Amino acid sequence: MGDVKNYVDVLVYGSAIVDFICYVDRLPKAGETIRGHKFENGFGGKGANQCVAAARLGSKCALIAKVGTDTWGEKYLENLQKEGVNTRHVKMCVGQSTGIAQIAVSNDGENNIIIVTGANDCLEASDVKEAEYLFDSAKVLLCQLETSAVGTLEALKRFKGTSVLNAAPAMANTPKELLQAATILCVNETEAALMTQAEDIKTLEQAKLAAMKLMEMGASTVIITLGSQGAVYCEKSDPEKFYHVPGQKVDKVVDTTGAGDAFLGALAYHMAKYPGKPLHQHIGYANLQASYSVQFPGTQSSFPNAQSALPTCPEFPYQSI
């Protein structure tokens, strides 16, 4: 098992999913069969991805998750341990298969994803109680919505430090309790549009309006990631002000799969390591690491480590919108 000491920087309650990735010239249309040119499999799931992303940068991390009693479950545990993640509370569910994701990635780096959650559906509120000592010691908690919302809510309510809810996959009617329980709500432009019933979010002004709506819905502090444009955020301490943190220029995008998880893992790492820094500095660092990940294929395989990670800038730029 992983390190069982009672101290972690980043605690993640969430999913562990095996990725089956097909690389194609373009994404298929409805009902269309196309030929791919490469196939790979790897380790994914938003929870495990974010945990590995933070661990690679240097955080001491623990994951609370479920895998199946199959070969993929065994391989996943081995992979997490290799990444230095505390796996004491990554449990194998008897009679369940490990969650899988079917991913298509086009030549321009875009993707579509179908997940079959499998053993992830076994993650429950009782798993929070079993890992109480981790909730007492961690600096930052990361949660997502690939597992039961009931368990996620319990995790957020139990944690007293800085918690981040990545509301993905997005819910059209996200329970207000979930939004209120997290310190920070982080979603991408597509998820924000679904949650706020906006037609589209492409501009900074549209992102600002969505962030405003999410705060009205119960969120305290909101971050909306916008891919290459960076991110827009607003904080509960000053809800009338909205800010934009620019993204990092990338010459060639290879694969955007997992870029959001690279962002969140880096965000948690930076918040745990530099708790006194303002939010735009944490977001700027997270943008930097996400920009690194899109230049390489795969999900966890594309995440930077402490040696390859782009360094913290003295001051990341940001502007009021």
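Residues numbered from 1 in each chain as written. Predicted model: local features only at pLDDT ≥ 70, side-chain atom pairs only at ≥ 80, totals over all residues. Heavy atoms only, no water.

1. Structural notes on the overall build of the protein
So the rule is basically this: Secondary structure is summarised from DSSP: a helix means a run of H or I of at least four residues, a strand means a run of E of at least two, and numbering begins at the N terminus for each. C-alpha atoms define the radius of gyration in this analysis, and the globule rule sets the expected value at 2.2 Å times the number of residues to the power 0.38. Exposure classes here rest on a 1.4 Å probe applied to the protein chains alone. A residue is buried below 20% of its type maximum, exposed above 50%, and partly exposed in between. Contacts are residue-level and defined by heavy atoms, with any inter-residue pair within 4.5 Å sufficient. Computed by Shrake-Rupley with a 1.4 Å probe, the accessible areas treat only the displayed protein chains as cover when residues are assessed. His is not counted here, nor are the chain ends, while Lys and Arg score as positive and Asp and Glu score as negative. In this description, the location of a charge corresponds to atom NZ of lysine, CZ of arginine, CG of aspartate or CD of glutamate.
The helix and strand tally for the protein stands at ten helices and 14 strands. The C-alpha radius of gyration computed for the protein amounts to 18 Å, which stays within 12% of the reference 20 Å derived for 321 residues, consistent with globular compactness. Relative to its full complement of 321 residues, the protein shows a buried share of 55%. Within the protein, contacts between residues at least 6 apart in sequence are counted, and of these 66% link residues at least 24 apart. A total accessible area of about 13,900 Å² is found for the protein, and carbon and sulfur atoms account for 51% of it. Put simply, the protein has 28 plus and 34 minus side-chain charges, and the middle of one group is 4 Å from the middle of the other.

2. Topic: the layout of surface pockets
What counts is decided by this rule: Both cavities and pockets are sets of points on a 1 Å grid over the protein atoms alone; in a cavity a 1.4 Å probe fits but cannot get out, in a pocket the set is open with protein on both sides within 12 Å along at least five of seven lines, and lining residues sit with an atom within 4 Å of a point. Grid points are joined across faces, edges and corners, and a volume is the space filled by probe spheres set on the points. Ten residue types, Ala, Val, Leu, Ile, Met, Phe, Trp, Tyr, Cys and Pro, are classed as nonpolar, four, Asp, Glu, Lys and Arg, as charged, and the remainder, Gly among them, as polar.
As a volume, the largest pocket reaches approximately 1,400 Å³. Residue assignment for the lining of the largest pocket shows that the elements contributing at least two residues are β2 (17-24), α1 (46-57), β6 (99-105), β7 (111-116), β10 (184-188), α7 (189-196), α9 (259-273) and α10 (279-293). Considering every element that reaches the lining of the largest pocket, the biggest residue donor is α9, with five residues. Here the lining of the largest pocket is composed, by residue class, of 19 nonpolar, 21 polar and seven charged.

3. Let's talk about the pattern of salt bridges
To keep it simple, the criterion reads: A pair is scored as a salt bridge if a Lys or Arg side-chain nitrogen falls within 4 Å of a carboxyl oxygen belonging to Asp or Glu.
On inspection of all chains with the given rule, the structure shows eleven salt bridges. Taking the shortest distance from any N to any O, the salt bridge between E130 and K91 comes out at 2.1 Å. With E130 in helix α3 (residues 126-130) and K91 in strand β5 (residues 86-93), this residue pair connects regions lying 39 residues apart in the sequence. The residue D136 makes a salt bridge to R158 at a minimum N-O spacing of 2.7 Å. Placement of D136 in helix α4 (residues 132-137) and of R158 in helix α5 (residues 149-158) is noted, with a sequence separation of 22 residues between them. In the salt-bridge network here, residues are joined through shared partners; they are K129, E132, D136 and R158.

4. Describing the environment of Y76
Assignment of secondary structure puts Y76 in helix α2 (residues 71-82). In this structure, the C-alpha to C-alpha distance between Y76 and G44, residues 32 residues apart in sequence, is 9.3 Å. With near-sequence residues (within four places) excluded, Y76 lies in contact with A16, I17, V18, F43, G44, A48, V67 and Q300.

5. As for the nonpolar core
The following threshold applies: What is meant by a nonpolar core is a set of buried Ala, Val, Leu, Ile, Met, Phe, Trp, Tyr and Cys residues, joined one to another through side-chain atoms within 4.5 Å.
Membership of the largest hydrophobic core comes to 49 residues, with the highest contact counts inside it found for V10, L63, Y76, L80, I223, F263 and I283. Among the elements that take part in this core, α9 stands out by supplying nine residues, more than any other. Apart from the residues within four sequence positions on either side, V10 is in contact with A54, S59, K60, C61, A62, V140, L142, A268, Y269 and A272. In this structure, L134, M195, I224 and V232 belong to the second largest nonpolar core, which totals 43 residues.

6. Describing the sheet that holds strand β9 (residues 162-166)
In a beta sheet, neighbouring strands are held together by backbone hydrogen bonds and run either parallel or antiparallel to one another. Let me state the cut-off plainly: Here, strands pair whenever DSSP counts at least two bridges between them. Between the N-to-C directions of two axes lies an angle of 0 to 180 degrees, each axis being a line fitted to C-alpha atoms and, for a helix, fitted only over the stretch in contact.
Pairing is mixed in the open sheet, where ten strands are placed in the order β5-β4-β1-β8-β9-β10-β11-β12-β13-β14. Bordering the open sheet on either side are β5 and β14 (319-320), each of which pairs with just one other strand. The pairing of strand β4 (residues 61-68) with β5 spans six bridges and is parallel. Following the sheet pairing, I64 is matched in β5 by H89. Packing of helix α8 (residues 204-216) onto the sheet brings it into contact with β10, β11 (221-225), β12 (231-234), β13 (243-245) and β14, and relative to β11 it is tilted by some 145°. Packing of α10 onto the sheet brings it into contact with β10, β11, β12 and β13, and relative to β12 it is tilted by some 160°.

7. Topic: the packing of aromatic side chains
Stated formally: For Phe, Tyr and Trp, where Trp contributes only its six-membered ring, two rings pair if their centres lie within 6.5 Å, and the inter-plane angle classes them as stacked under 30 degrees, edge-to-face over 60, or tilted in between.
Counting across every chain of the model gives seven aromatic pairs. Plain terms: the ring middles of F43 and Y76 are 4.8 Å apart, the flat faces sit at 65° to each other, and that makes the pair edge-to-face. Of this pair, F43 sits in strand β3 (residues 36-44) while Y76 is found in helix α2, placing the two residues 33 residues apart along the sequence. Residues F43 and Y76 agree in their burial class; the two are buried.

8. Observations regarding the sheet that holds β2
Taken in spatial order, the four strands line up as β3-β2-β6-β7 in an open sheet, and their pairing is mixed. Of all the strands in the sheet, just β3 and β7 have a single pairing partner and so form its edges. Across the sheet, the mean angle from the axis of one strand to that of its neighbour is 15°, orientation sign disregarded. Running at roughly 70° to β3, α2 makes contact with β2 and β3 of the sheet.

9. What to know about the packing of α7 against α8
The test is simple: Working definition: roughly parallel below 35 degrees, roughly antiparallel above 145 degrees, roughly perpendicular at 65 to 115 degrees, and oblique for all remaining angles. In a left-handed crossing the near helix is turned counterclockwise from the far helix by less than a right angle, and in a right-handed crossing that turn is clockwise.
One can describe the packing of α7 onto α8 by two numbers: an axis separation of 10 Å at closest approach and a directional angle of 55°. In terms of orientation, α7 and α8 fall into the oblique class. Crossing hand, α7 versus α8: left-handed. For the pair α7 and α8, the contacting residues are A192, M195 and T196 in the first and A210, K213 and L214 in the second. When grouped by side-chain class, the residues that make up the contact of α7 with α8 number four nonpolar, one polar and one charged.

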